[in-house]
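The residues making up each chain are set out below.
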Amino acid sequence: MASTIKSSISNKLGVFGLPLLMVALFILFSLKLPDTYPTASNLQAILSNQSIPALLALAAMIPIVTAKFDLSMGYALGLAHILVMYQLVNTKNSWVLICFTAIAVTSVVGLINGLLVEFAQIDSFIATLGTGSVLYAISGWITGGGRIVPPIGGLPKGFTNMMDKHLLGLPIGAYYVLALVAILYVVLEYLPAGRGLYVIGSNPRAAELVGVPKRKYVILAFVSSSAITGFAGCLLAAQQQVGNPSIGSEYLLPAFVGALLGSTTIRLGRANALGTLVAVAILAIGVSGIQQLGADFWATPLFNGLTLLAAVGLAGYSARRRVKTGAEASRKLMMEANE
């Protein structure tokens, strides 16, 4: 009886631990900074500044579901950002067409990553690190190593409104994140494709035996992730309004922190959309509070790095506990059957 209660409490802490931590951090910073932190303007700033990292964390989550990693996404973000800014400044094309072009290019990058991983049988770390390096070189070649600065008032209003606009008092970036969370939640939890991705991530051999098209699903996971990254690159261009070929790499670490930390809540041991949203919220609350407390510039990467280490450790612990719980349940059923 005691072990059952202990197990139940442990499971509830696993599911609700991160949301409780998020609330605790918000209360802590609100008490420390009562005049600036718990305000509507600060909430809007957090939602606006963290919408792109949130989209990238959700994008990173998709290959992670299949136990793969896309280390090229930071450079793909930078390339999409550069392609958009370059075309806006140097061509007469519609900004809508330009954004679709950038998303198409990053989708092709995702396809290449998937082919390298599934057909060339290259480890996802190595394959995507290699393609990322190539993408960074392309971004530098396009810009000549410099920045793309448009003329004052030179960017279309409709384009800049992709990030500047507010709806019902909230930045429009928050709605992009919520829409993507809803789509990924439905796909992963209710559609056969989502279940297939989870089976591939937990046991690739079993996935093949039950008829899950492993190669197809893994490639689609990389393509989907890269398409979302391309869209995030368009938003980054609309937000920054200056082309910087090296800007994408700084988004890589927070994206993986959010995706990995998200696997330790809601669906223990599994990367999931709601958990990733909670993890990104914790990072946003923490970073905003640290910055407002006047911490040095190195405090933010330190916070992200320590959180990543904690996320990896907690994700591994959650996965092991999930396997142990399943094994204990199977053992109990076998004992009851023998009796």
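One can find the structure itself at the top, above this paragraph.
So, how was this worked out
Residues numbered from 1 in each chain as written. Predicted model: local features only at pLDDT ≥ 70, side-chain atom pairs only at ≥ 80, totals over all residues. Heavy atoms only, no water. Helix = DSSP H or I, 4+ residues; strand = E, 2+ residues; numbered from the N terminus. Buried < 20%, exposed > 50% of the residue type's maximum accessible area, 1.4 Å probe, protein only. Contact = heavy atoms within 4.5 Å. Areas by Shrake-Rupley, 256 points an atom, 1.4 Å probe, with all protein chains shown as cover. Salt bridge = Lys/Arg side-chain N within 4 Å of Asp/Glu carboxyl O. Expected span 1.5 Å × (residues − 1). Patch = residues over 30% accessible without salt bridge, like charges linked within 9 Å, V, L, I, M, F, W, Y side chains within 5 Å. Polar contact = N/O pair within 3.5 Å; in protein donor to acceptor, adjacent residues only side chain to side chain. Arc of directions from axis to C-beta. Axes fitted to C-alpha atoms, helices over the stretch in contact; angles between N-to-C directions. Parallel < 35°, antiparallel > 145°, perpendicular 65-115°, else oblique. Left-handed = near helix turned anticlockwise from the far one by under 90°. Nonpolar A, V, L, I, M, F, W, Y, C, P; charged D, E, K, R; others polar.

Chemist: Describe in detail the overall build of the chain, supporting the description with residues and values.
Modeler: A tally of helices and strands in the chain yields 13 helices and two strands. Looking at the chain as a whole, 45% of its 339 residues are labelled buried. Pairs at least 24 residues apart make up 78% of the contacts formed inside the chain by residues separated by at least 6 positions. As displayed, the chain has an accessible area near 16,900 Å², and 68% of this comes from carbon and sulfur atoms.

Chemist: Please give an account of the pattern of salt bridges that cites residues and values.
Modeler: When their charged atoms lie close together, side chains carrying opposite charge are able to pair. According to the stated counting rule, one finds three salt bridges in the structure shown. In this structure, Glu118 engages Lys214 in a salt bridge whose closest nitrogen and oxygen atoms are separated by 3.0 Å. Of the two residues, Glu118 sits in helix 4 (residues 95–118) while Lys214 sits in helix 10 (residues 214–240), which places them 96 residues apart along the sequence. By the burial criterion, Glu118 is buried, and Lys214 matches it. The partner of Glu208 in a salt bridge is Arg205, with the nearest N and O atoms 3.4 Å apart. Taken together, the residues span about one helical turn, with Glu208 and Arg205 both in helix 9 (residues 204–209) at a distance of three residues.

Chemist: Any chance you could break down helix 10 for me, citing the residues and the numbers?
Modeler: It helps to recall that an α-helix has 3.6 residues per turn; residues three or four apart then point in one direction. The terminal C-alpha atoms of helix 10, which comprises 27 residues, lie 39 Å apart, in line with the 39 Å expected from a rise of 1.5 Å per residue. Taken from the residues just after helix 10, Gln241 is the one with a positive phi, measuring 60°.

Chemist: Now, about a nonpolar patch on the surface: what can you tell me, with residues and values included?
Modeler: Taken together, the side chains of Phe297, Trp298, Leu302, Leu306 and Leu309 present a nonpolar region at the surface, about 630 Å² in accessible area. One can find Leu309 in helix 13 (residues 299–338).

Chemist: Requested: an account of the environment of Gln240, with residues and values cited.
Modeler: The residue Gln240 is located in helix 10 in this model. Overall, the relative accessible area of 36% leaves Gln240 in the partly exposed class. The spacing of Gln240 and His81 is 159 residues in sequence and 9.3 Å in space, taken between C-alpha atoms. The residues contacting Gln240, other than those within four sequence positions of it, are His81, Ile247 and Tyr251. Within the structure, Gln240 has its side chain in polar contact with the side chain of Gln239 (distance 3.5 Å).

Chemist: Tell me about the side chain of Glu189, and please be specific about residues and values.
Modeler: Looking at the secondary structure, you find Glu189 in helix 7 (residues 172–190). Glu189 sits in the buried class, given a relative accessible area of 13%. Residues within four places of Glu189 in sequence aside, it is in contact with Arg195, Tyr198, Arg267 and Arg270.

Chemist: Explain the environment of Ser94 to me, using residue names and the numbers behind them.
Modeler: Mapped onto the fold, Ser94 is located in the loop between helix 3 (73–90) and helix 4. Here Ser94 falls in the partly exposed class, since its relative accessible area comes to 40%. In this structure the C-alpha to C-alpha distance between Ser94 and Phe159, which are 65 residues apart in sequence, comes to 9.6 Å.

Chemist: Would you mind going over helix 6 (residues 157–164) in detail, with residue names and values included?
Modeler: Looking only at helix 6, the buried set comprises Phe159, Thr160, Met162 and Met163. Down the axis of helix 6, the buried side of the element spans an arc of 130°, and every buried residue falls inside it. Packed against the buried residues of helix 6 are helix 2 (40–65), helix 3, helix 4, helix 7 and helix 10.

Chemist: Describe the packing of helix 4 against helix 10, naming the residues involved and giving the relevant values.
Modeler: Between helix 4 and helix 10, the shortest axis-to-axis distance is 7 Å and the interhelical angle comes to 150°. As the angle between them shows, helix 4 and helix 10 are arranged roughly antiparallel. Helix-helix and strand crossings are classified by hand; for helix 4 and helix 10 the assignment is right-handed. A per-class count over the contact of helix 4 with helix 10 returns 14 nonpolar, seven polar and three charged.

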